[in-house]
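Below, each chain spelled out in residue letters.
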Amino acid sequence: MTDIYSMTKEELISWLEMQNVKSFKAVQIYEWLYDKRVKSFDEMTNLKKDFIEVLKENFNLGSLKIRTKQESDTTLKYLFELKDGNCIEAVVMKHDYGNSICVSSQIGCNMGCAFCESGRLKKVRNLEAGEMVLQILKIEEESNIKINSVVVMGIGEPFDNYDNLIKFFKIINDPKGLAIGARHITVSTSGIVPKIIEFADFPLQINLAVSLHAPNNELRNKIMKINKVYNIDTLMDAIRYYIKKTNRRVTIEYVMLKNVNDSEACALELCKLLKGMNVYVNLIPYNETSHLEFSKSSEEDKMKFYDIVRRHGITITVRREFGAGIDAACGQLRANEVIK
Ligand code: SAH
Ligand code: SF4
């Protein structure tokens, strides 16, 4: 049975038309789900009893159980159990300007980046759109907070679950859904080139971030297996195409790994690679994991790298460290709970 939280409003409208039900009911259903936040179809009291029965025969109201919650001043981290017993996680970061959530898009990840905890578990399956939506709904309910922005940077490679990702964006962006503005939504990809090209045609102005992490193929091949499929040249061409088509700036993510990709030579090579492109670089402090061969760059190396890039006229920021003490890096909570 389909989870009703996986249905975009347009899909719901087509379904209603097939049932010979007026399409405005889709708006009413959305209001019950996302405004009044009902827990059962029976609570949808402006719908006829027999129509509620039809809804029950065709849809369920999703299931996502909170298994554990960790909390610090700035971070909330949830481990969720899905209907099939698998676990995923989501992290909320509290900023002065609002709360942002990092959602998971798959159970596990097949990309196998050498430094990443999420990739330790091969992909079990894609998350349905509703399972992504429910991460937001559950957290808003449990913590009594409002989520203002969404990043798809949890467990999984979102562009390897493209169709559900797109539905998720439509549902959370819908004014009758969660009404989260496209500019407050960001998706991060390890560099699935055909999907970057496809995403350039997606009409919502969602931010794109690309995990580059290395300025040349030799190094990127070593830490990101995906580079053997889509190498840096192909990737940069796709990013250039995306920028040209959308006229939007792309974020280049660069995780700082000690003695791996944090040298001055790497910084210079990165500048050369990004020269003239409408991008900005986000340096990510590495959250140390059970991948013992990787550790975080020193503060000094990080700042040297930062200065070089900045002096070359490329916008660069250092990501604030969130919840290092509470296993907030991708996949870490799940790893500690499930793989132990
Ligand atoms: N699969 C997508 C999105 C999820 S990962 C991607 O790879 O882009 C989100 C970001 O966190 C990526 O840039 C990823 O490389 C980075 N990351 C993974 N493990 C990390 C860790 N232990 N510390 C800091 N960043 C990490
Ligand atoms: Fe997957 Fe992203 Fe982790 Fe790479 S960094 S293994 S793509 S989740």
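Values in this document were obtained by computation on a predicted structure and should not be read as measured data.

A few words on the overall build of the chain. A tally of regular secondary structure across the chain gives 11 helices and 14 strands. Relative to a compact globule of 340 residues, whose C-alpha radius of gyration would be 20 Å, the chain shows 21 Å and is just as compact. For the chain, the spread of C-alpha atoms along the three principal axes comes to 70 × 45 × 35 Å. For the chain, with 340 residues in total, the buried portion stands at 55%. Put simply, of all contacts in the chain between residues at least 6 apart along the chain, 65% involve residues at least 24 apart.

Relative to the helices and strands, Lys25 is located in helix H2 (residues 24-35). Those residues within four positions of Lys25 in sequence are excluded, and the remaining contacts are Leu16, Asn46, Leu47 and Phe51.

A positive phi is found at Asn20, a non-glycine position, where the angle reads about 60°. For Asn20, the location among the structural elements is in the loop between helix H1 (9-18) and H2. Backbone geometry places His213, a non-glycine residue, at a positive phi of 65°. Here His213 falls in the buried class, since its relative accessible area comes to 5%.

Phe115, Ile136, Val150, Phe168, Phe169, Phe199 and Val281 are the most contacted members of the largest nonpolar core, which has 109 residues in total. Here this core spans two domains, since at least three of its residues come from each of domain 1 (2-60) and domain 2 (64-326). Not counting residues within four places of it along the chain, the set of residues in contact with Val150 comprises Ile101, Val103, Ile136, Phe168, Ile172, Ile180, His184, Ile185 and Thr186. Met93, Cys102, Met153 and Ala209 belong to the second largest nonpolar core, which has six residues in total.

Assigned domains within the chain: domain 1 (2-60) and domain 2 (64-326). Taken together, the contact pairs 13 residues of domain 1 with 16 residues of domain 2. Carbon and sulfur atoms make up 57% of the area that domain 1 and domain 2 hide from each other, which totals about 1300 Å². If you sort the residues of domain 1 by the area they bury against domain 2, Tyr5, Tyr34 and Arg37 come out on top, with a joint share of 37%. Linking domain 1 with domain 2 are five salt bridges.

One ladder, built from seven bridges, connects strand S3 (residues 64-71) with strand S4 (residues 75-82); its direction is antiparallel. Its bridge partner being in S4, Lys65 is matched across the sheet by Glu81. In this antiparallel pair of consecutive strands, S3 and S4, the connection spans three residues.

Now for the site of ligand 1. The full set close to ligand 1 counts 21 residues, and Gly156, Ser188, Ser211, His213 and Asn287 are the nearest of them. Taking His213, its side chain carries an N or O atom lying 2.6 Å from an oxygen atom of ligand 1. Between ligand 1 and the protein, one listed contact pairs a nitrogen atom with a backbone N or O atom of Asn287 at 2.9 Å. For ligand 1, whose accessible area on its own is 530 Å², the fraction buried by protein is 94%.

In this section: helix H3 (residues 49-58). Along an α-helix, residues three or four apart share an orientation, since each turn contains 3.6 residues. Among all positions of H3, only Phe51, Ile52 and Leu55 are buried. An end-on view of H3 places all buried positions within 105° of arc, on one side of the element. For H3, exposure combined with an orientation more than 90 degrees from the buried face picks out Lys49, Asp50 and Glu57. Where H3 is buried, its residues meet H1, H2 and strand S2 (59-60).

The next point concerns the environment of Val187. Inspection of the secondary structure assignment puts Val187 in strand S10 (residues 185-189). Given the relative accessible area of 0%, Val187 is considered buried. Sequence separation between Val187 and Cys102 is 85 residues, and the spatial gap between their C-alpha atoms is 9.7 Å. Dropping the residues within four chain positions of it, Val187 is found in contact with Val152, Pro158, Phe159, Leu165, Phe169, Phe199, Ile206, Asn207, Leu208 and Ala209.

Thresholds, definitions, all that
Residues numbered from 1 in each chain as written. Chains lettered and ligands numbered in written order. Predicted model: local features only at pLDDT ≥ 70, side-chain atom pairs only at ≥ 80, totals over all residues. Heavy atoms only, no water. Helix = DSSP H or I, 4+ residues; strand = E, 2+ residues; numbered from the N terminus. Rg over C-alpha atoms; globule rule 2.2 N^0.38 Å. Buried < 20%, exposed > 50% of the residue type's maximum accessible area, 1.4 Å probe, protein only. Contact = heavy atoms within 4.5 Å. Core = buried A, V, L, I, M, F, W, Y, C linked by side-chain atoms within 4.5 Å. Domains from an automatic or database assignment. Buried area = accessible area lost by both parts, 1.4 Å probe. Salt bridge = Lys/Arg side-chain N within 4 Å of Asp/Glu carboxyl O. Pairing = 2+ DSSP bridges. Near = heavy atom within 4 Å. Polar contact = N/O pair within 3.5 Å; in protein donor to acceptor, adjacent residues only side chain to side chain. Areas by Shrake-Rupley, 256 points an atom, 1.4 Å probe, with all protein chains shown as cover. Arc of directions from axis to C-beta.

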